[in-house]
Amino acid sequence: MVPEADTAADAALLGDLRGVVGDRARDNDFERGLYSRDGSIEGSLPAIVCLPETAAEVAEIVGVCRRHSRPFLARGSGTGLAGGAVPVGRPVVVATAKMDRIIEVDVDNRVAWVEPGVLNLDLSRALTPLGFHFAPDPSSQQVCSLGGNIANNSGGPHCLAYGVTTAHIAALEVVLPSGETTMLGGVDAEPPGLDLRGLFVGSEGTMGIATKAAVRLTPNAPSVRTLLLDFDDVSEGSAAVSAIIAAGLVPSALEMMDQRAIEIVEAFAHAGYPTEAAAVLLVELDGLPGGVSAGVEIIREVAEQYHAGHVRVAADDAERALLWKGRKNAFGAVARIKPDYYLHDTVVPRSRLTEVLDQVYRIADAYDLIAVNVFHAGDGNLHPILAFDRREPGVDERVKAAGRDIVAASIAAGGVLSGEHGIGLEKRDYMGMLFSAHDMYTQDLVRETFDPDGFANPLKVIPSGSRCSDSFHQHVPEGAWV
Amino acid sequence: MSSGTGPAEVSASLAARIDPAVTEFAREVGASDPITVVGTRTHWHVGGELAAGTREIRAPAGVWEHEPSEMTVRCGAATSVGELSAHLAQTGQMIPLDPADDAATVGGVLACGFSGHRRLRYGHVRDLVLQTRHVDATGKVVTAGGPTVKNVSGYDLPRLLVGSLGTLGLLAEVILRTLPVPPAAQWLHGDGDPFAAFDLLYRPSSVLWDGTQAWILLEGDPSDVAAEAARVEPLGFGPTTDAPHVPATGRESMRPSDLRTLAGTGGGWLAEVGVGLVHRVEPVDAGPVAPANAALMTELKQRLDPAGRLNPGRSAW
Ligand SMILES: Cc1cc2nc3c(=O)[nH]c(=O)nc-3n(C[C@H](O)[C@H](O)[C@H](O)COP(=O)(O)OP(=O)(O)OC[C@H]3O[C@@H](n4cnc5c(N)ncnc54)[C@H](O)[C@@H]3O)c2cc1C
Ligand SMILES: Cc1cc2nc3c(=O)[nH]c(=O)nc-3n(C[C@H](O)[C@H](O)[C@H](O)COP(=O)(O)OP(=O)(O)OC[C@H]3O[C@@H](n4cnc5c(N)ncnc54)[C@H](O)[C@@H]3O)c2cc1C
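Residues numbered from 1 in each chain as written. Chains lettered and ligands numbered in written order. Predicted model: local features only at pLDDT ≥ 70, side-chain atom pairs only at ≥ 80, totals over all residues.

Engineer: Hey, could you run me through the site of ligand 1 in this one?
Structural biologist: All names here are of chain A. Surveying the vicinity of ligand 1 reveals 36 residues, the closest of which are Gly76, Gly84, Gly147, Gly148 and Gly205. Of all the secondary-structure elements, those providing two or more residues to the shell around ligand 1 are β3 (72-75), α5 (146-152) and β10 (209-216). When grouped by side-chain class, the residues that make up the shell around ligand 1 number 11 nonpolar, 21 polar and four charged. Counting contributing residues, the shell around ligand 1 receives three or more from each of domain 1 (7-95) and domain 2 (102-219). (Near = placed C-beta within 6 Å. Helix = DSSP H or I, 4+ residues; strand = E, 2+ residues; numbered from the N terminus. Nonpolar A, V, L, I, M, F, W, Y, C, P; charged D, E, K, R; others polar. Domains from an automatic or database assignment.)

Engineer: Looking at this structure, how should I read the sheet that holds strand β5 (residues 102-106) of chain A?
Structural biologist: Within a sheet, adjacent strands bond to each other through the backbone by hydrogen bonds, running parallel or antiparallel. Residues and elements named next belong to chain A. What the five strands build is an open sheet, ordered β5-β6-β10-β8-β9; its pairing is antiparallel. Each having just a single partner strand, β5 and β9 (181-185) make up the two edges of the open sheet. Looking at each pair of strands side by side, their axes are set apart by 15 degrees on average, direction ignored. In this structure, strand β8 (residues 169-175) lies alongside β10, joined through six bridges in antiparallel fashion. Following the sheet pairing, valine 175 is matched in β10 by isoleucine 209. Lying over the sheet, helix α3 (residues 55-67) contacts β8, β9 and β10, oriented at roughly 45 degrees with respect to β8. (Pairing = 2+ DSSP bridges. Axes fitted to C-alpha atoms, helices over the stretch in contact; angles between N-to-C directions. Contact = placed C-beta atoms within 7 Å.)

Engineer: Which parts of the structure should I look at to understand helix α13 (residues 353-366) of chain A?
Structural biologist: Since the α-helix turns once every 3.6 residues, residues separated by three or four places project in the same direction. All names here are of chain A. A rise of 1.5 Å per residue sets the reference length of α13, with its 14 residues, at 20 Å; its end C-alpha atoms lie 20 Å apart and thus fit the reference within 8%. Taken together, the buried positions of α13 are occupied by Leu353, Val356, Leu357, Gln359, Val360, Ile363 and Ala364. All buried residues of α13 lie within an arc of 160 degrees about the axis, which places them on one face of the element. Buried positions along α13 lie against α8 (234-246), β18 (370-375), β19 (381-382), β20 (384-388) and α14 (395-412). Downstream of α13 by a residue or two, aspartate 368 has a phi angle that is positive, lying close to 60 degrees. (Expected span 1.5 Å × (residues − 1). Buried ≥ 20, exposed ≤ 12 C-beta atoms within 10 Å, placed from the backbone. Arc of directions from axis to C-beta.)

Engineer: Help me out: how do you make sense of the interface of chain A and chain B in this one?
Structural biologist: Often the size quoted for an interface is simply the accessible area lost on bringing the parts together. Counting residues at the interface gives 84 residues for chain A and 75 residues for chain B. Those elements that place two or more of their residues in the side of chain A that touches chain B are β9, α7 (196-200), α8, α10 (289-305), α13, α14, α15 (431-434) and α16 (437-450) of chain A. No other element matches α16(A), which puts nine residues into the side of chain A that touches chain B. In terms of residue class, the side of chain A that touches chain B is made up of 43 nonpolar, 28 polar and 13 charged.

Engineer: Got a minute to help me understand the sheet that holds β18(A) in this structure?
Structural biologist: Residue and element names in this part refer to chain A. Taken in spatial order, the seven strands make up an open sheet running β15-β12-β14-β13-β18-β20-β16, and their pairing is antiparallel. Looking at the sheet topology across the chains shown, the edges are occupied by β15 (311-313) and β16 (340-343). When the angles between neighbouring strand axes are averaged without regard to direction, this sheet yields 20 degrees. Of the strand pairs in this sheet, β18 and β20 are connected by four bridges, and their pairing is antiparallel. Bridge pairing links alanine 371 to leucine 386 in β20. Sitting on the sheet, helix α9 (residues 259-269) touches β13 (253-258), β14 (279-287) and β18, and the angle it makes with β13 is about 95 degrees. Along the sheet face, helix α11 (residues 317-328) touches β12 (223-231), β13, β14 and β18 and points at about 55 degrees away from the line of β12.

Here's what the structure looks like:
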């Protein structure tokens, strides 16, 4: 049910929002269009877009939304892939793009205080001269915001050794759906009480809007080695992944690309990837020099044992950067084969990688799509890319059906719905594949604690009706739709 | 054209994975009377005295699944840390829970939510928890998180449960992330400046300071441990075979930079440099919780345990 646009209500709402942020509250078609989509294939128009500059403005915007019984939706850079930032219920989009200050770098406490609109890579660039970085490094790091990273509990290649976003957030200032502002967590060692900070990270904007964060600084490693291993056989590449881990190594990154990915990436990056190989592993080791050298030897042994063709060790930073350039731009490079792509995200136990990859190829074939695999193999995090051409009739349905089958195959292999992109809209209705009705009911009880009236990014994450057993009426503001 | 499994079949297969011992524990918890889980009683009085007449039960115990190449382990919550460590050590793995007493149960350590002395290197215990299975106030099993080393499916209830002192749910089973045992470990000891040492070293495992002396734990490749030790030798640190005694009565939480203010305040404490935790021989009151946060915590308890039957008398804040 798409709500009729209620022009009078929208106009009154806009008037009140203009009272808070002036002409940074906008309702022109161009900007509403711009904020109607994220990186997923879903889309729908918001009523109004606001660009606050301060936390106080965010709090006031939330207050106005409540008075007008209108949901709100926090938005960073819109690179999310699960539809988390897709407007539902003609909400007010609260875009954090103008809240992009690095407020303070506190080396003594090894944290940086940042606003949510700071871009991930901008923070690490600012920290480099001090000898630190922000460890989570999503492949989208040039453009995604820290607020989005926090809301999605994002990962990245280097999270294998350093952990995903939640391990790197000490404190969070948030505007709750009630309009109140509070600080969750703290820079001190053991903030008292329940870990509300841990609950908020990964809640995809459904528990409020983060307006400031203390993110942890990770010291840059004194020694880094990057290796490229190629294999004639995907299953030997996957087995090598398990063998590396079983040997007691925790590489800082352990990424895999299949043949199609290698071809696409090589044509774009000219990094000297072996295009005839069935799979390559990109392995990075970092830390103190002794451990790194010992690790390189272990990897050479594993490579031999699993019949790797070559072991290329990057000679210098330039070669390292070149090897990573291919990996980090792989998604964009897919445009070489088809204009559109749908990027999936599931996790399986490492020991099941070969088998599930095999199923991914079969599923793609069955739906007449092309699958390209570039993924975080070290933690079993698959990222099948389904390349397609949106102009083909009926292709959207095929892409979605294939996605559903990939999720089902991953879960059947003992995996989970998402490793880093989140649930959002895209996987909301698949939650029942992993969780029982009572599990979801419990999650919804917890969400409701923060947002009993369903103002914050409503109808995401948990399927509607999770609380039917409790004669629960989804507390969705009037006019919301799915 | 579908080539996969449907949601119904998949979740049915997940339900089938619930261990019979967990189902039995849920039956024992039931749905009506005040109830608590007893671990090893090493920290039985944390968070207040248990209300009289509360029924005491035990969680299931045992290491149920450990696949070394997955670096994960599934165990009953009443498994002792000692038993779990011994099991993992057979394949060169560990979980740095580091309770003061190895007899403590995994469920008790997670319910208290206190990290051990190697937090500086390995992070907080909650970052090691991948999946929890708890029994809620209605006697039903709830699974949250997931079995894989990486997962963002649904809300992060495991992080909420860690540190909740059994007041929101009773832990039955957990899946934890394991780590390789480092090839070498060396304690250093001396009367040098621990803050200067911390700044010099690359990710030491622990830097502990009692106001006059400091202890540093280095872990890693033997050549790195030796090289790092040499870097802090000029500051007055040399090898020792003895780890310091960590007082286990009071825990005071500070910002790491504020630890410096402890200089000259006498003895009876040991501080974790870089972390901000001060272990004291006297009890310490936890700091105040901001009103908006206290309201949320109260509301969470109210929604998850409306009758207040879980660990009555105890509070996590
Ligand atoms: C090419 C490509 C590669 C990618 N690679 C990775 C990867 O390696 N790892 C990974 O984890 N992800 C990856 N992503 C997904 C995406 O970039 C991340 O999820 C990112 O963190 C989203 O940030 P954003 O600023 O774009 O957020 P948005 O898309 O704007 O929003 C995402 C969610 O966060 C919420 N949100 C945003 N800001 C706030 C705030 N201040 N307070 C509360 N909620 C907020 C939104 O409501 C929404 O639910 C990739 C995406 C693309 C397109
Ligand atoms: C001052 C102080 C310092 C400490 N320092 C450290 C430290 O450095 N490192 C460290 O790891 N720990 C530390 N702890 C915590 C402590 O070591 C463990 O958490 C403790 O040993 C709990 O284990 P137990 O089995 O003895 O639990 P018990 O003492 O039996 O129980 C403790 C509490 O946990 C609840 N509980 C037990 N099992 C469950 C379950 N399955 N589900 C739900 N609730 C349950 C109990 O009901 C009780 O409220 C410290 C504690 C204190 C008070």
